[in-house]
Amino acid sequence: MIDLVIPARRKDLGDGFEVGRVLPYAQRRMVGPFIFLDHMGPVTFKPGQGIDVRPHPHIGLSTVTYLYAGEMMHRDSLGSTLAIRPGEVNWMTAGRGIVHSERTAPDVRAKGGLVHGLQTWVALPDAHAETAPAFTHYGVDDMPKFENGGARGVVIAGSAFGLTSAVTTHSPLFYVDVELDAGAEIALPDNYSERAAYIVHGRVESGGIHDAHNLLVFGPGPAKIAAGDEPARVMLLGGEPVGPRHIWWNFVAVSEQRLEQAKADWKAGRMSLPPDDNGEFIPLPE
Ligand code: MN
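Below, the structure is looked at part by part. (Residues numbered from 1 in each chain as written. Predicted model: local features only at pLDDT ≥ 70, side-chain atom pairs only at ≥ 80, totals over all residues. Heavy atoms only, no water.)

Let's talk about the coordination of the manganese ion
By definition of the ideal shapes, four donors in a tetrahedron about a metal sit 109.5 degrees apart, and six donors in an octahedron sit 90 or 180 degrees apart.
Consideration 1: Bound to the manganese ion on the protein side are His 56 (NE2), His 58 (NE2) and His 100 (NE2), at distances that span 2.1 to 2.2 Å.
Consideration 2: Each donor residue of the manganese ion belongs to the same chain, and together they define the spacing H-x1-H-x41-H. Taken together, the residues His 58 in strand 5 (residues 52–58) and His 100 in strand 10 (residues 98–103) connect sequence positions 42 residues apart. (Donors = N, O, S within 2.8 Å, 3.2 Å for Na, K, Ca; no water. Helix = DSSP H or I, 4+ residues; strand = E, 2+ residues; numbered from the N terminus.)

Spelled out as structure tokens, the structure:
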């Protein structure tokens, strides 16, 4: 039933900001179109501290940001400047190229506090890999919710459990935030060929006991997960594969050649910075 369990591995993104990197993983690059998954925090910043991910480029993917706690300011090269808060979704389609930053706003930084969330990247299918960049922010009410016997969920993107999110996507997928009461269970959608569940907190049972901060990758057939003696929170994700992808730094591409082009474009300053955040940027790793 479970093909593989992928542990989140600690990565220091600099300035004291650590994430748990889940995807990609050596033995499993993607689950459906999902090619990257970072668990941010939970981290409690002291007053004056916060996140400063300076402007950096993306191609060939959509970044999806979803917070459980805290607030982050998004700025991009299209001119979008917007705070994201818990339960909202930032869906940024890079397509042929976009540049963005993610920071803690000054008023939030002054207070400090908890930040907790997930950021995932969804690879674009071939037909959309070079699409025009776009940024869309969705409010809490744009995502359908469900409740069933101690399982409460939000269909953040795609379709699952007979519900469809308002979030615009480019290939068949599901991304579902689920809270389980102690002892409650949920079955995974059975109409997608690749499926996984990331345990955000708590401990779940699914053909064995699994701790938080692990991604359970399921094989074909019926699959379900159940919370133990404590409540649990999981993110269900998956969909149909879009085909093999190259990934390097912040770039996802159909070909090695397209990756090289993106590297050269960023190095040469051919990708414009966010108009509201153009004083610095992350250089191309050498
Ligand atoms: Mn980014």
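Points about the environment of Asp 126
Consideration 1: Relative to the elements of secondary structure, Asp 126 occurs in the loop between strand 11 (113–123) and strand 12 (134–138).
Consideration 2: Sequence-wise, Asp 126 and Phe 174 are 48 residues apart; in three dimensions their C-alpha atoms are separated by 19 Å.
Consideration 3: Residues in contact with Asp 126, not counting those within four places in the same chain, are Val 242, Arg 245 and Val 254. (Contact = heavy atoms within 4.5 Å.)

Brief notes about the side chain of Arg 75
Consideration 1: Residue position: Arg 75 is located in strand 7 (residues 72–76).
Consideration 2: Buried Arg 75, no salt bridge; nearest opposite-charge side chain is Asp 277, N-O distance 4.4 Å.
Consideration 3: Apart from residues no more than four positions distant in its own chain, Arg 75 is found in contact with Ser 80, Thr 81, Val 99, His 100, Ser 101, Arg 103, Pro 274, Asp 276 and Asp 277. (Buried < 20%, exposed > 50% of the residue type's maximum accessible area, 1.4 Å probe, protein only. Lys, Arg positive; Asp, Glu negative; His and termini not counted. Salt bridge = Lys/Arg side-chain N within 4 Å of Asp/Glu carboxyl O.)

Some words on the sheet that holds strand 7
Consideration 1: Read from one edge to the other, the open sheet built from four strands follows the order 5-10-7-8, with strand pairing classed as antiparallel. Each having just a single partner strand, strand 5 and strand 8 (81–84) make up the two edges of the open sheet. Mean inter-strand twist for the sheet, computed between neighbouring axes without regard to direction, equals 20°.
Consideration 2: Bridge count between strand 7 and strand 10: four bridges; the pairing is antiparallel. Directly across from His 74, in strand 10, lies its bridge partner Glu 102. (Pairing = 2+ DSSP bridges. Axes fitted to C-alpha atoms, helices over the stretch in contact; angles between N-to-C directions.)

A look at the pairing of strand 9 (residues 89–93)
Consideration 1: Across the five residues of strand 9, five count as buried, placing the element largely inside the fold.
Consideration 2: In this sheet, strand 9 lies alongside strand 6 (residues 61–69) in antiparallel orientation, the contact comprising five bridges. If you follow Tyr 66 over to strand 9, its bridge partner there is Val 89.
Consideration 3: In this sheet, strand 12 lies alongside strand 9 in antiparallel orientation, the contact comprising five bridges. The residue bridging Thr 93 from the neighbouring strand is Ala 134, located in strand 12.

A word on the environment of Gly 112
Consideration 1: Here Gly 112 lies in the loop between helix 1 (106–111) and strand 11.
Consideration 2: Overall, Gly 112 belongs to the buried group, its relative accessible area being 18%.
Consideration 3: A C-alpha to C-alpha distance of 7.0 Å links Gly 112 and Gly 50, two positions 62 residues apart in sequence.

Comments concerning the sheet that holds strand 6
Consideration 1: Spatially, 2-3-4-11-6-9-12 is the arrangement adopted by the seven strands of the open sheet, whose pairing is antiparallel. Among the strands making up the open sheet, the edge pair consists of strand 2 (9–12) and strand 12. Neighbour-to-neighbour, the strand axes of this sheet turn through a mean angle of 20°, independent of strand direction.
Consideration 2: Of the strand pairs in this sheet, strand 6 and strand 11 are connected by eight bridges, and their pairing is antiparallel. Note on strand 11: the bridge partner recorded for Thr 65 is Gln 119.

Examining the side chain of His 58
Consideration 1: His 58 sits in the buried class, given a relative accessible area of 1%.
Consideration 2: Engagement of the side chain of His 58 in a polar contact is seen with the backbone oxygen of Asn 250, the distance being 2.9 Å.
Consideration 3: Excluding its chain neighbours within four sequence positions, the residues that come into contact with His 58 are Thr 63, Met 92, Ala 94, Gly 97, Ile 98, His 100, Trp 121, Asn 250, Phe 251 and Met 271. (Polar contact = N/O pair within 3.5 Å; in protein donor to acceptor, adjacent residues only side chain to side chain.)

Some thoughts on the pattern of salt bridges
Consideration 1: Under the defined criterion, the tally for this structure stands at 18 salt bridges.
Consideration 2: One salt bridge connects Arg 103 with Glu 280, and the closest N-O pair in it is separated by 2.7 Å. Separated by 177 residues along the polypeptide, Arg 103 in strand 10 and Glu 280 in the segment after helix 2 (256–267) bring together distant segments of the chain.
Consideration 3: A relative accessible area of 10% places Arg 103 in the buried class.
Consideration 4: A relative accessible area of 35% places Glu 280 in the partly exposed class.
Consideration 5: A salt bridge links Glu 286 to Lys 267; the shortest N-O distance between them is 3.3 Å. Placement of the pair is Glu 286 in the segment after helix 2 and Lys 267 in helix 2, with a sequence separation of 19 residues.

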